[in-house]
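Spelled out from the first residue to the last, the chains are:
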Amino acid sequence: MSLDGWEPFWLGPASHRLYAALHAASGAPETGVVLVPPLLHEMPRSRRFVTEVASELASLGLPALRFDFHGTGDSAGSGEGLDLASMHRDLDLATAALREKTRIRRLVLIAWRGGALAVRGWLERGGCADLILLWEPIVDGGAWVRELVEGDARERALRPPPRAGVARATDPSDGQLMGFPAPSRLRADLEKTRLDDGMHRHAVPVWAIVRDDLAALSMNIARRLPLPANAPSFSIGAAMDATFFLTPPVRELVGKLGQAVREEAWA
């Protein structure tokens, strides 16, 4: 079944099914892209945006596969088993599926925000790609978790009082952050992860799309692409009415990115 140029499908074993969608490109492309989503509340807000980026890349001749981590989005699982190790397995499944379905020779990963922390560990345990692109990456997982805990407390304080006999959903011990499952194992994994710890040891080149200079990212970035100042922001709380989409300036940026990937002098 194809929906407006892309095909949804399931991948992985029945016990670990992931929702995925392939945005096919015409011809016989040699390079394809796996889109690694952001985490927690940033994932549903950017769902339309990531879909539009995938379609744009496919129109430029780069087949793109997007997916939901196990326990998130439309994938199976409750979220209680979500941690970086499960994300690494999901990245194995997603990259293998793109290679199998398209027969590409070169693989590019585009990772948004917290998804970049999962990619770092995936490379450490043997994940293989030809290019990594970090889109507004979270550099320090520990600082990000602290920021989320503070934001979560503010969001809970704004919730209306419960009806009589209904438990008040403001207790941070419920295992959620910003309204989404964030088990202790995932928090612990994120808290001890930094992008620049060990990532430079891998031969794969890294590009970054950043709004600022990201001076805190001490790893070697082969190429930086500036994000337009008016591009939608992830840092706007947990409100789901803050969903954003591909604006004309960001669409132009994606076009430049696709062209740069196609013209890359691959080793």
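Numbers given for residues are sequential positions, taken from 1 along each chain in its written order. Per-residue local features are limited, in this predicted model, to residues with pLDDT of at least 70; the limit for side-chain atom pairs, both in listing and counting, is 80 or more; totals at the level of whole chains, interfaces and linings are taken over all residues. Where side-chain values are given, they derive from all heavy atoms of the structure, hydrogens and water being excluded.

Caption draft 1: A look at the overall build of the protein. Only DSSP runs of H or I reaching four residues or more are called helices, and only runs of E reaching two or more are called strands; each is numbered from the N terminus. A count of helical and extended segments in the protein gives seven helices and ten strands. Buried residues in the protein amount to 53% of all 267 residues. Residues count as neighbours in contact if any of their non-hydrogen atoms are within 4.5 Å of one another. In the protein, once contacts between residues fewer than 6 apart in sequence are set aside, the share between residues at least 24 apart is 69%. In this description, accessible areas are obtained by the Shrake-Rupley approach with a 1.4 Å probe, and a residue is regarded as covered only by the protein chains that are shown. Here the protein displays about 12,300 Å² of accessible surface, and carbon together with sulfur accounts for 52% of that area. The rule is simple: take the accessible area with a 1.4 Å probe, protein chains only, and divide by the maximum for that residue type; under 20% is buried, over 50% is exposed, in between is partly exposed.

Caption draft 2: Layout of the environment of valine 210. Here valine 210 lies in strand E9 (residues 206–210). Classification of valine 210 by relative accessible area gives buried; the value is 7%.

Caption draft 3: Representation of the sheet that holds strand E2 (residues 18–23). For two strands to count as paired, DSSP must find a minimum of two bridges between them. Read from one edge to the other, the open sheet built from eight strands follows the order E1-E2-E4-E3-E5-E6-E9-E10, with strand pairing classed as mixed. Edge positions in the sheet fall to strand E1 (6–11) and strand E10 (223–226), since each of these pairs with one other strand and no more. Looking at each pair of strands side by side, their axes are set apart by 20 degrees on average, direction ignored. Where strand E3 (residues 31–36) lies against strand E5 (residues 106–112), six bridges are found, and the strand directions are parallel. Looking at E5, one finds that threonine 31 is bridged to arginine 106. Throughout, an axis means a line fitted to C-alpha atoms (over the contacting stretch in the case of helices), and angles, computed between N-to-C directions, take values from 0 to 180 degrees.

Caption draft 4: Spatial organisation of the pattern of salt bridges. For this analysis, a salt bridge means a side-chain nitrogen from Lys or Arg found within 4 Å of a carboxyl oxygen belonging to Asp or Glu. Tallied over the entire structure, the rule returns 13 salt bridges. The partner of arginine 47 in a salt bridge is aspartate 74, with the nearest N and O atoms 3.0 Å apart. Of this pair, arginine 47 sits in helix H2 (residues 47–59) while aspartate 74 is found in the loop between strand E4 (64–67) and helix H3 (84–102), placing the two residues 27 residues apart along the sequence. Taking the relative accessible area as the measure of exposure, aspartate 74 reaches 43% and is therefore partly exposed. For arginine 125, the salt bridge is made with aspartate 92, and the minimal N-O distance between the two is 2.9 Å. Of this pair, arginine 125 sits in the loop between helix H4 (115–124) and strand E6 (131–135) while aspartate 92 sits in helix H3, placing them 33 residues apart in sequence. Aspartate 92 gets classed as partly exposed once you look at its relative accessible area, which sits at 31%. What you see here is one network of salt bridges that share partners, running through Glu30, Arg105 and Arg106.

Caption draft 5: Quick peek at the packing of H3 against H4. Packing of H3 against H4 brings their axes to within 9 Å, and their N-to-C directions diverge by 80 degrees. When the axes of H3 and H4 are compared, the pair comes out roughly perpendicular. Residues Leu84, Met87, His88, Leu91, Asp92 and Thr95 of H3 lie in contact with H4, whose contacting residues are Ala118, Val119, Gly121 and Trp122. Asp, Glu, Lys and Arg are counted as charged, while Ala, Val, Leu, Ile, Met, Phe, Trp, Tyr, Cys and Pro are counted as nonpolar; the rest, among them Gly, fall into the polar class. Classifying every residue of the contact of H3 with H4 by side-chain character gives six nonpolar, three polar and one charged. For classification purposes, angles smaller than 35 degrees are called roughly parallel, those larger than 145 roughly antiparallel, those between 65 and 115 roughly perpendicular, and all remaining angles oblique.

Caption draft 6: Inspection of the side chain of glutamate 136 at higher detail. Structurally, glutamate 136 can be placed in the loop between E6 and helix H5 (141–157). Of note is the side chain of glutamate 136, whose polar atom sits 3.3 Å from the side chain of arginine 211. Excluding residues that lie within four positions of it along the chain, glutamate 136 makes contacts with Arg113, Ile209, Arg211, Leu227, Pro232 and Phe234. Contacts described as polar in this section are N or O atom pairs within 3.5 Å, which, within protein, must combine one atom able to donate a hydrogen with one able to accept it, while residues neighboring in sequence count only if both atoms come from side chains.

Caption draft 7: Up close: the packing of H5 against helix H6 (residues 184–191). Taken N-terminus to C-terminus, the directions of H5 and H6 make an angle of 130 degrees; their axes are 6 Å apart at the nearest point. The orientation of H5 relative to H6 falls into the category oblique. Here Gly141, Gly142, Trp144, Val145 and Val149 of H5 lie close against H6, whose contacting residues are Arg187, Leu190 and Glu191. Of the residues contributing to the contact of H5 with H6, the split by class is four nonpolar, two polar and two charged.

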